[in-house]
Amino acid sequence: MEIIENKQNIQLYFKELVKTRPPSSGIGKIKKIPDYVCDLFVYEPRNVEEAQLGSLFMLGKIENIPKNKYRNIDLLLNLLISVIKREFYSNRKRSTLETLEASLHKANLYLADFSEKGNGEWIGNLHFICGAFSKNTLHLSRVGDAVIKLFRGTTVSNIENRFPVQKKSQPLKTFNNIASGTIMDGDKIILATKEILNIAPITTLRGLSKGGCFQIIDEIKKLIENEADKIPMLCLALEAKGGAQEIRDEQKFFKENLAIKHGRVKSLAFKTFFIAKKIFLITFLAIYRIINFIFLIIKKLYKFLAFVFGKIFKAKLFRPLYDKIEAKTKIVFDKLISPLFLKIKGF
(Lines give C-alpha, C1' and ligand atoms only; values in the text may rest on other atoms or scores of the structure.)
Protein backbone atom coordinates (compact mmCIF):
# COMPACT_ATOMS: atom_id res chain seq x y z
CA MET A 1 0.00 0.00 0.00
CA GLU A 2 1.33 3.41 -0.95
CA ILE A 3 0.50 6.77 0.64
CA ILE A 4 0.68 10.24 -0.85
CA GLU A 5 0.42 13.24 1.48
CA ASN A 6 -0.21 16.92 0.76
CA LYS A 7 -0.43 20.19 2.66
CA GLN A 8 -4.19 19.93 3.15
CA ASN A 9 -3.71 16.72 5.14
CA ILE A 10 -5.58 14.61 2.59
CA GLN A 11 -3.83 11.30 2.07
CA LEU A 12 -4.42 9.27 -1.05
CA TYR A 13 -3.86 5.54 -0.61
CA PHE A 14 -3.05 3.35 -3.61
CA LYS A 15 -3.38 -0.37 -4.07
CA GLU A 16 -2.88 -2.01 -7.45
CA LEU A 17 -3.76 -5.27 -9.17
CA VAL A 18 -2.10 -6.57 -12.33
CA LYS A 19 -3.55 -9.80 -13.69
CA THR A 20 -2.13 -11.15 -16.94
CA ARG A 21 -3.16 -14.16 -18.96
CA PRO A 22 -0.73 -17.09 -18.52
CA PRO A 23 1.12 -17.76 -21.81
CA SER A 24 -0.57 -20.58 -23.69
CA SER A 25 1.37 -23.39 -25.33
CA GLY A 26 0.99 -24.45 -28.91
CA ILE A 27 2.28 -27.49 -30.73
CA GLY A 28 5.45 -28.86 -29.17
CA LYS A 29 4.84 -26.85 -25.99
CA ILE A 30 6.05 -23.62 -27.62
CA LYS A 31 4.71 -20.57 -25.82
CA LYS A 32 2.45 -18.43 -27.97
CA ILE A 33 3.01 -14.70 -28.13
CA PRO A 34 0.11 -12.89 -26.44
CA ASP A 35 -1.97 -10.45 -28.46
CA TYR A 36 -1.84 -7.71 -25.83
CA VAL A 37 0.53 -5.79 -23.56
CA CYS A 38 -0.38 -4.07 -20.29
CA ASP A 39 1.35 -2.21 -17.49
CA LEU A 40 0.60 -0.20 -14.33
CA PHE A 41 2.78 2.54 -12.87
CA VAL A 42 2.59 4.55 -9.61
CA TYR A 43 5.20 7.16 -8.71
CA GLU A 44 5.56 8.94 -5.37
CA PRO A 45 7.52 12.22 -5.07
CA ARG A 46 11.02 11.67 -3.69
CA ASN A 47 11.80 15.22 -2.61
CA VAL A 48 10.16 18.54 -1.75
CA GLU A 49 10.36 19.86 -5.31
CA GLU A 50 8.63 16.82 -6.79
CA ALA A 51 6.04 16.97 -4.00
CA GLN A 52 4.91 20.36 -5.35
CA LEU A 53 3.76 18.57 -8.52
CA GLY A 54 2.30 15.61 -6.64
CA SER A 55 2.05 11.91 -7.38
CA LEU A 56 1.64 10.35 -10.81
CA PHE A 57 -0.05 7.11 -11.79
CA MET A 58 -0.80 5.36 -15.08
CA LEU A 59 -2.31 2.14 -16.29
CA GLY A 60 -2.47 1.06 -19.90
CA LYS A 61 -3.30 -1.81 -22.19
CA ILE A 62 -2.89 -2.32 -25.95
CA GLU A 63 -4.80 -5.23 -27.45
CA ASN A 64 -5.26 -6.99 -30.81
CA ILE A 65 -1.53 -6.94 -31.54
CA PRO A 66 -0.28 -8.83 -34.63
CA LYS A 67 2.39 -11.41 -33.78
CA ASN A 68 5.08 -9.66 -35.83
CA LYS A 69 4.41 -6.35 -34.04
CA TYR A 70 4.42 -7.52 -30.42
CA ARG A 71 7.91 -6.21 -29.55
CA ASN A 72 7.23 -2.82 -31.14
CA ILE A 73 3.93 -2.35 -29.30
CA ASP A 74 5.42 -3.54 -26.01
CA LEU A 75 8.18 -0.96 -26.49
CA LEU A 76 5.57 1.70 -27.27
CA LEU A 77 3.68 1.18 -24.01
CA ASN A 78 6.87 1.34 -21.93
CA LEU A 79 8.03 4.39 -23.88
CA LEU A 80 4.67 6.11 -23.35
CA ILE A 81 4.86 5.68 -19.58
CA SER A 82 8.51 6.77 -19.50
CA VAL A 83 7.89 9.90 -21.62
CA ILE A 84 4.96 11.06 -19.51
CA LYS A 85 6.82 10.53 -16.24
CA ARG A 86 10.00 12.24 -17.44
CA GLU A 87 8.15 15.30 -18.80
CA PHE A 88 5.89 15.53 -15.73
CA TYR A 89 8.81 16.10 -13.34
CA SER A 90 11.06 18.01 -15.79
CA ASN A 91 9.90 21.54 -14.86
CA ARG A 92 8.90 22.00 -11.23
CA LYS A 93 7.90 25.65 -11.66
CA ARG A 94 4.68 24.71 -13.47
CA SER A 95 1.42 23.81 -11.80
CA THR A 96 0.31 20.16 -11.67
CA LEU A 97 -2.29 20.75 -14.39
CA GLU A 98 0.16 22.55 -16.66
CA THR A 99 2.81 19.87 -16.30
CA LEU A 100 0.25 17.11 -16.96
CA GLU A 101 -0.86 18.96 -20.11
CA ALA A 102 2.77 19.16 -21.23
CA SER A 103 3.32 15.46 -20.52
CA LEU A 104 0.28 14.36 -22.51
CA HIS A 105 1.22 16.67 -25.36
CA LYS A 106 4.66 15.03 -25.49
CA ALA A 107 2.95 11.61 -25.45
CA ASN A 108 0.82 12.64 -28.45
CA LEU A 109 3.96 13.60 -30.38
CA TYR A 110 5.57 10.24 -29.66
CA LEU A 111 2.43 8.34 -30.68
CA ALA A 112 2.19 10.30 -33.94
CA ASP A 113 5.87 9.68 -34.72
CA PHE A 114 5.49 5.98 -33.91
CA SER A 115 2.55 5.74 -36.34
CA GLU A 116 4.38 7.56 -39.12
CA LYS A 117 7.10 4.89 -38.93
CA GLY A 118 4.59 2.17 -39.81
CA ASN A 119 3.50 1.13 -36.32
CA GLY A 120 -0.12 2.19 -36.21
CA GLU A 121 -1.56 -1.03 -34.79
CA TRP A 122 -2.15 0.65 -31.43
CA ILE A 123 -4.72 3.06 -32.91
CA GLY A 124 -8.15 2.06 -31.65
CA ASN A 125 -6.59 -0.57 -29.38
CA LEU A 126 -5.00 1.67 -26.74
CA HIS A 127 -6.80 1.88 -23.37
CA PHE A 128 -4.97 4.19 -21.01
CA ILE A 129 -5.52 6.28 -17.87
CA CYS A 130 -3.08 8.90 -16.64
CA GLY A 131 -3.67 10.70 -13.35
CA ALA A 132 -1.93 13.18 -11.07
CA PHE A 133 -2.82 14.06 -7.48
CA SER A 134 -1.71 17.24 -5.70
CA LYS A 135 -3.17 19.57 -3.08
CA ASN A 136 -6.48 17.69 -2.75
CA THR A 137 -7.02 17.82 -6.52
CA LEU A 138 -7.08 14.84 -8.85
CA HIS A 139 -6.45 15.30 -12.58
CA LEU A 140 -7.30 12.45 -14.96
CA SER A 141 -6.97 11.77 -18.67
CA ARG A 142 -8.44 8.74 -20.41
CA VAL A 143 -8.06 6.99 -23.78
CA GLY A 144 -10.11 4.06 -25.07
CA ASP A 145 -12.61 2.17 -22.94
CA ALA A 146 -10.82 2.21 -19.57
CA VAL A 147 -13.12 2.50 -16.54
CA ILE A 148 -13.10 5.29 -13.91
CA LYS A 149 -15.60 5.00 -11.05
CA LEU A 150 -15.98 7.46 -8.18
CA PHE A 151 -17.68 6.29 -4.98
CA ARG A 152 -18.70 9.11 -2.65
CA GLY A 153 -21.02 8.10 0.17
CA THR A 154 -23.89 6.22 -1.49
CA THR A 155 -23.34 7.85 -4.89
CA VAL A 156 -21.49 6.33 -7.85
CA SER A 157 -20.22 8.54 -10.67
CA ASN A 158 -19.14 7.11 -14.03
CA ILE A 159 -16.29 9.50 -14.68
CA GLU A 160 -15.35 7.77 -17.96
CA ASN A 161 -18.57 9.12 -19.50
CA ARG A 162 -17.25 12.66 -19.10
CA PHE A 163 -14.60 12.05 -21.77
CA PRO A 164 -15.56 12.47 -25.45
CA VAL A 165 -15.14 9.63 -27.94
CA GLN A 166 -11.88 9.99 -29.85
CA LYS A 167 -11.32 9.59 -33.57
CA LYS A 168 -9.11 6.63 -34.40
CA SER A 169 -7.23 8.28 -37.28
CA GLN A 170 -5.74 11.21 -35.36
CA PRO A 171 -2.74 10.18 -33.18
CA LEU A 172 -1.97 13.82 -32.29
CA LYS A 173 -5.37 14.02 -30.59
CA THR A 174 -5.02 10.81 -28.58
CA PHE A 175 -4.83 12.64 -25.25
CA ASN A 176 -7.06 15.68 -25.76
CA ASN A 177 -8.99 16.02 -22.52
CA ILE A 178 -8.30 16.33 -18.80
CA ALA A 179 -10.88 16.05 -16.02
CA SER A 180 -10.08 17.70 -12.69
CA GLY A 181 -11.85 17.51 -9.35
CA THR A 182 -11.40 17.97 -5.61
CA ILE A 183 -10.85 14.86 -3.52
CA MET A 184 -12.95 14.56 -0.33
CA ASP A 185 -12.38 12.51 2.79
CA GLY A 186 -13.73 8.99 2.29
CA ASP A 187 -13.76 9.08 -1.53
CA LYS A 188 -12.96 5.82 -3.30
CA ILE A 189 -11.93 5.75 -6.96
CA ILE A 190 -11.42 2.66 -9.07
CA LEU A 191 -9.37 2.90 -12.26
CA ALA A 192 -9.33 -0.26 -14.37
CA THR A 193 -9.52 -1.83 -17.78
CA LYS A 194 -13.03 -2.66 -19.00
CA GLU A 195 -12.69 -6.34 -18.02
CA ILE A 196 -13.40 -5.47 -14.40
CA LEU A 197 -17.09 -4.97 -15.20
CA ASN A 198 -17.29 -8.57 -16.45
CA ILE A 199 -16.06 -9.79 -13.07
CA ALA A 200 -17.52 -7.18 -10.74
CA PRO A 201 -20.61 -5.31 -12.03
CA ILE A 202 -21.27 -1.82 -10.71
CA THR A 203 -23.49 -3.15 -7.91
CA THR A 204 -20.63 -5.38 -6.73
CA LEU A 205 -18.15 -2.53 -6.93
CA ARG A 206 -20.52 -0.36 -4.89
CA GLY A 207 -20.44 -2.97 -2.13
CA LEU A 208 -16.65 -3.29 -2.33
CA SER A 209 -16.25 0.47 -2.02
CA LYS A 210 -17.38 0.28 1.61
CA GLY A 211 -13.96 -1.12 2.46
CA GLY A 212 -10.55 0.47 2.01
CA CYS A 213 -8.44 0.22 -1.13
CA PHE A 214 -6.59 -2.79 0.26
CA GLN A 215 -9.87 -4.63 0.90
CA ILE A 216 -11.21 -3.66 -2.55
CA ILE A 217 -8.25 -5.21 -4.34
CA ASP A 218 -8.36 -8.27 -2.09
CA GLU A 219 -12.00 -8.91 -2.95
CA ILE A 220 -11.40 -8.39 -6.68
CA LYS A 221 -8.57 -10.92 -6.52
CA LYS A 222 -10.99 -13.47 -5.08
CA LEU A 223 -13.53 -12.76 -7.81
CA ILE A 224 -10.94 -13.03 -10.56
CA GLU A 225 -9.45 -16.36 -9.50
CA ASN A 226 -11.84 -18.41 -11.61
CA GLU A 227 -11.23 -16.19 -14.64
CA ALA A 228 -7.46 -15.96 -14.34
CA ASP A 229 -6.82 -18.06 -17.46
CA LYS A 230 -9.18 -16.00 -19.60
CA ILE A 231 -9.10 -12.34 -18.66
CA PRO A 232 -6.05 -10.08 -18.28
CA MET A 233 -6.91 -7.04 -16.17
CA LEU A 234 -5.43 -3.93 -14.54
CA CYS A 235 -6.98 -2.22 -11.53
CA LEU A 236 -5.89 0.64 -9.29
CA ALA A 237 -7.92 1.47 -6.19
CA LEU A 238 -7.60 4.93 -4.61
CA GLU A 239 -8.81 5.88 -1.14
CA ALA A 240 -8.83 9.40 0.33
CA LYS A 241 -8.47 9.91 4.08
CA GLY A 242 -8.24 12.91 6.38
CA GLY A 243 -8.96 16.62 5.97
CA ALA A 244 -12.76 16.47 6.18
CA GLN A 245 -14.43 19.07 3.99
CA GLU A 246 -17.93 19.91 2.89
CA ILE A 247 -19.13 17.34 0.35
CA ARG A 248 -20.18 18.93 -2.90
CA ASP A 249 -22.56 17.66 -5.53
CA GLU A 250 -20.91 14.68 -7.22
CA GLN A 251 -21.86 16.12 -10.60
CA LYS A 252 -19.42 18.95 -9.88
CA PHE A 253 -16.65 16.62 -8.73
CA PHE A 254 -15.20 16.40 -12.20
CA LYS A 255 -15.56 19.04 -14.84
CA GLU A 256 -14.01 18.62 -18.24
CA ASN A 257 -10.99 20.74 -18.75
CA LEU A 258 -10.54 20.97 -22.51
CA ALA A 259 -6.98 22.19 -22.23
CA ILE A 260 -5.46 19.87 -24.83
CA LYS A 261 -6.89 20.12 -28.34
CA HIS A 262 -5.52 19.24 -31.77
CA GLY A 263 -2.29 18.00 -30.22
CA ARG A 264 -1.37 21.48 -28.95
CA VAL A 265 -1.24 22.76 -25.40
CA LYS A 266 -2.93 26.07 -24.68
CA SER A 267 -0.94 26.73 -21.51
CA LEU A 268 1.04 29.98 -21.88
CA ALA A 269 3.57 28.77 -19.29
CA PHE A 270 4.24 25.62 -21.29
CA LYS A 271 4.60 27.53 -24.57
CA THR A 272 7.09 29.92 -22.96
CA PHE A 273 9.04 27.00 -21.48
CA PHE A 274 9.07 25.17 -24.82
CA ILE A 275 10.33 28.23 -26.75
CA ALA A 276 13.00 29.00 -24.12
CA LYS A 277 14.17 25.39 -24.17
CA LYS A 278 14.41 25.43 -27.96
CA ILE A 279 16.40 28.72 -27.98
CA PHE A 280 18.77 27.34 -25.32
CA LEU A 281 19.42 24.15 -27.31
CA ILE A 282 20.06 26.08 -30.55
CA THR A 283 22.44 28.51 -28.78
CA PHE A 284 24.29 25.68 -27.01
CA LEU A 285 24.68 23.78 -30.30
CA ALA A 286 26.01 26.89 -32.09
CA ILE A 287 28.57 27.60 -29.32
CA TYR A 288 29.65 23.95 -29.32
CA ARG A 289 30.22 24.00 -33.10
CA ILE A 290 32.20 27.26 -32.94
CA ILE A 291 34.48 25.93 -30.16
CA ASN A 292 34.92 22.66 -32.00
CA PHE A 293 35.85 24.56 -35.20
CA ILE A 294 38.44 26.70 -33.35
CA PHE A 295 40.08 23.62 -31.84
CA LEU A 296 40.18 22.00 -35.28
CA ILE A 297 41.94 25.06 -36.77
CA ILE A 298 44.49 25.10 -33.91
CA LYS A 299 45.18 21.41 -34.38
CA LYS A 300 45.74 21.77 -38.12
CA LEU A 301 47.94 24.87 -37.62
CA TYR A 302 50.10 22.98 -35.12
CA LYS A 303 50.59 20.10 -37.54
CA PHE A 304 51.46 22.54 -40.34
CA LEU A 305 54.06 24.43 -38.26
CA ALA A 306 55.61 21.20 -37.04
CA PHE A 307 55.91 19.98 -40.61
CA VAL A 308 57.41 23.26 -41.92
CA PHE A 309 59.99 23.72 -39.16
CA GLY A 310 60.96 20.09 -39.39
CA LYS A 311 61.72 20.46 -43.09
CA ILE A 312 63.67 23.68 -42.51
CA PHE A 313 66.02 22.26 -39.87
CA LYS A 314 66.63 19.15 -41.92
CA ALA A 315 67.50 21.15 -45.07
CA LYS A 316 71.14 21.15 -46.37
CA LEU A 317 71.09 24.95 -46.43
CA PHE A 318 71.36 25.08 -42.65
CA ARG A 319 73.88 22.22 -42.34
CA PRO A 320 77.08 24.40 -42.50
CA LEU A 321 75.65 26.78 -39.90
CA TYR A 322 74.89 23.85 -37.64
CA ASP A 323 78.43 22.49 -38.06
CA LYS A 324 80.01 25.87 -37.15
CA ILE A 325 77.87 26.19 -34.03
CA GLU A 326 78.79 22.65 -33.04
CA ALA A 327 82.55 23.28 -33.58
CA LYS A 328 82.56 26.49 -31.54
CA THR A 329 80.61 24.80 -28.77
CA LYS A 330 83.26 22.06 -28.65
CA ILE A 331 86.11 24.60 -28.44
CA VAL A 332 84.41 26.43 -25.58
CA PHE A 333 83.90 23.17 -23.77
CA ASP A 334 87.50 22.00 -24.25
CA LYS A 335 89.13 25.30 -23.21
CA LEU A 336 86.84 26.44 -20.38
CA ILE A 337 84.43 23.85 -19.12
CA SER A 338 86.71 20.80 -19.16
CA PRO A 339 89.69 22.41 -17.23
CA LEU A 340 87.33 23.89 -14.68
CA PHE A 341 85.74 20.53 -14.17
CA LEU A 342 89.15 18.88 -13.67
CA LYS A 343 90.22 21.46 -11.09
CA ILE A 344 87.07 20.91 -9.13
CA LYS A 345 87.72 17.19 -9.11
CA GLY A 346 91.27 17.75 -7.85
CA PHE A 347 93.26 16.39 -10.77
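Residues numbered from 1 in each chain as written. Predicted model: local features only at pLDDT ≥ 70, side-chain atom pairs only at ≥ 80, totals over all residues. Heavy atoms only, no water.

A. Structural view of helix 2 (residues 70–88). Compared with an ideal rise of 1.5 Å per residue, which puts 19 residues at 27 Å, helix 2 spans 27 Å between its outermost C-alpha atoms and is within 8% of the ideal. Residues of helix 2 that are buried: Ile 73, Leu 76, Leu 77, Leu 80, Ile 81, Val 83, Ile 84, Glu 87 and Phe 88. Seen along its axis, helix 2 keeps its buried residues to an arc of 160°; they face one direction. (Helix = DSSP H or I, 4+ residues; strand = E, 2+ residues; numbered from the N terminus. Expected span 1.5 Å × (residues − 1). Buried < 20%, exposed > 50% of the residue type's maximum accessible area, 1.4 Å probe, protein only. Arc of directions from axis to C-beta.)

B. Focus on the packing of helix 2 against helix 3 (residues 96–116). As a packed pair, helix 2 and helix 3 sit with axes 8 Å apart at the nearest point and diverge in direction by 150°. It follows from the interaxial angle that helix 2 and helix 3 lie roughly antiparallel. The two elements helix 2 and helix 3 cross, and the hand of that crossing is right-handed. Judged by residue contacts, Asn 72, Ile 73, Leu 76, Leu 79, Leu 80, Val 83, Ile 84, Arg 86, Glu 87 and Phe 88 of helix 2 engage Thr 96, Thr 99, Leu 100, Ala 102, Ser 103, Leu 104, Lys 106, Ala 107, Tyr 110, Leu 111 and Phe 114 from helix 3. Residue composition of the contact of helix 2 with helix 3, by class: 14 nonpolar, 4 polar and 3 charged. (Axes fitted to C-alpha atoms, helices over the stretch in contact; angles between N-to-C directions. Parallel < 35°, antiparallel > 145°, perpendicular 65-115°, else oblique. Left-handed = near helix turned anticlockwise from the far one by under 90°. Contact = heavy atoms within 4.5 Å. Nonpolar A, V, L, I, M, F, W, Y, C, P; charged D, E, K, R; others polar.)

C. Molecular detail of the packing of aromatic side chains. Scanning the model with the defined rule gives 5 aromatic pairs in all. Ring plane angle 55° and centroid distance 5.2 Å describe the contact between Phe 14 and Phe 57, whose orientation is recorded as tilted. Residue Phe 14 is found in strand 2 (residues 11–19), and its partner Phe 57 is found in strand 4 (residues 55–62); the two are separated by 43 residues along the sequence. For the pair shown, Phe 14 and Phe 57 are each scored as buried. A centroid spacing of 4.9 Å and a plane angle of 55° characterise the contact between Tyr 43 and Tyr 89, whose relative ring orientation is tilted. Note that Tyr 43 is positioned in strand 3 (residues 37–43) and Tyr 89 in the loop between helix 2 and helix 3, a separation of 46 residues in sequence. The class for Tyr 43 is buried, based on a relative accessible area of 8%. Geometry around Tyr 36 places Lys 61 over its ring, the cationic atom sitting 5.8 Å from the centre. The cationic tip of Lys 241 hangs over the ring face of Tyr 13; the distance from NZ or CZ to the ring centre is 5.0 Å. (Phe/Tyr/Trp six-rings, centres within 6.5 Å; stacked < 30°, edge-to-face > 60°. Lys NZ or Arg CZ within 6 Å of the ring centre and 35° of its normal.)

D. Representation of the confidence of the model for the protein chain in the model. On average, residues of the protein chain score 77 in pLDDT, and 71% of them reach the 70 mark or higher. Below a pLDDT of 50 lies the segment residues 244–270, which in the model reaches 72 contacts outside its immediate sequence neighbourhood of four places, other chains included. Counting interchain partners and residues more than four positions distant, the pLDDT-below-50 stretch residues 343–347 has 1 contact. (pLDDT = per-residue confidence, 0-100.)

E. Just the side chain of Lys 69, in detail. Within the element layout of this structure, Lys 69 appears in the loop between strand 4 and helix 2. Beyond its immediate stretch of four places on either side in the chain, Lys 69 contacts Gly 118, Asn 119 and Glu 121.

F. Highlighting the environment of His 139. By the secondary structure assignment, His 139 is in strand 6 (residues 137–143). Separated by 41 residues in sequence, His 139 and Ser 180 have C-alpha atoms that sit 4.4 Å apart. When near neighbours in sequence (up to four residues on either side) are disregarded, His 139 contacts Thr 96, Leu 97, Leu 100, Cys 130, Gly 131, Ala 132, Ile 178, Ala 179 and Ser 180. Polar contacts involving the side chain of His 139 include one to the side chain of Ser 180, which spans 2.6 Å. (Polar contact = N/O pair within 3.5 Å; in protein donor to acceptor, adjacent residues only side chain to side chain.)

G. Quick look at helix 6 (residues 213–224). Look at helix 6: 16 Å from first C-alpha to last across 12 residues, which is about the 16 Å you get at 1.5 Å a residue. Taken together, the buried positions of helix 6 are occupied by Cys 213, Ile 216, Ile 217, Ile 220 and Ile 224. All buried residues of helix 6 fall inside an arc of 90° around its axis, so they share one side.

H. Spotlight on the pattern of salt bridges. If you walk through the whole model with that rule in mind, you get 12 salt bridges. Lys 117 is the salt-bridge partner of Asp 113, the closest N and O atoms lying 3.3 Å from each other. One salt-bridge network, in which partners are shared between bridges, spans Glu 49, Glu 50 and Arg 92. (Salt bridge = Lys/Arg side-chain N within 4 Å of Asp/Glu carboxyl O.)

I. Representation of the nonpolar core in the model. Core analysis: the largest hydrophobic core is formed by 28 residues, its most contacted members being Ile 62, Ile 84 and Phe 128. Among the elements of the structure, strand 3, strand 4, helix 2, helix 3 and strand 5 (126–134) are those that each provide at least two residues to this core. The greatest single-element share of this core, amounting to 7 residues, is contributed by helix 2. If near-sequence neighbours (up to four positions away) are discounted, Ile 62 is found in contact with Asp 35, Tyr 36, Val 37, Ile 73, Leu 76, Leu 77, Trp 122, Asn 125 and Leu 126. Judged by nonpolar contacts, the second largest core, of 26 residues, contains Cys 38, Val 42, Leu 59 and Leu 138. (Core = buried A, V, L, I, M, F, W, Y, C linked by side-chain atoms within 4.5 Å.)

J. Here's a closer look at unusual backbone geometry. A positive phi angle, near 50°, is found at Lys 135, a position not held by glycine. Along the polypeptide, Lys 135 turns up in the loop between strand 5 and strand 6. Note on Lys 135: relative accessible area 44%, which makes it partly exposed. With phi around 70°, Asn 136 is a residue other than glycine that occupies positive phi space. Relative to the helices and strands, Asn 136 resides in the loop between strand 5 and strand 6.

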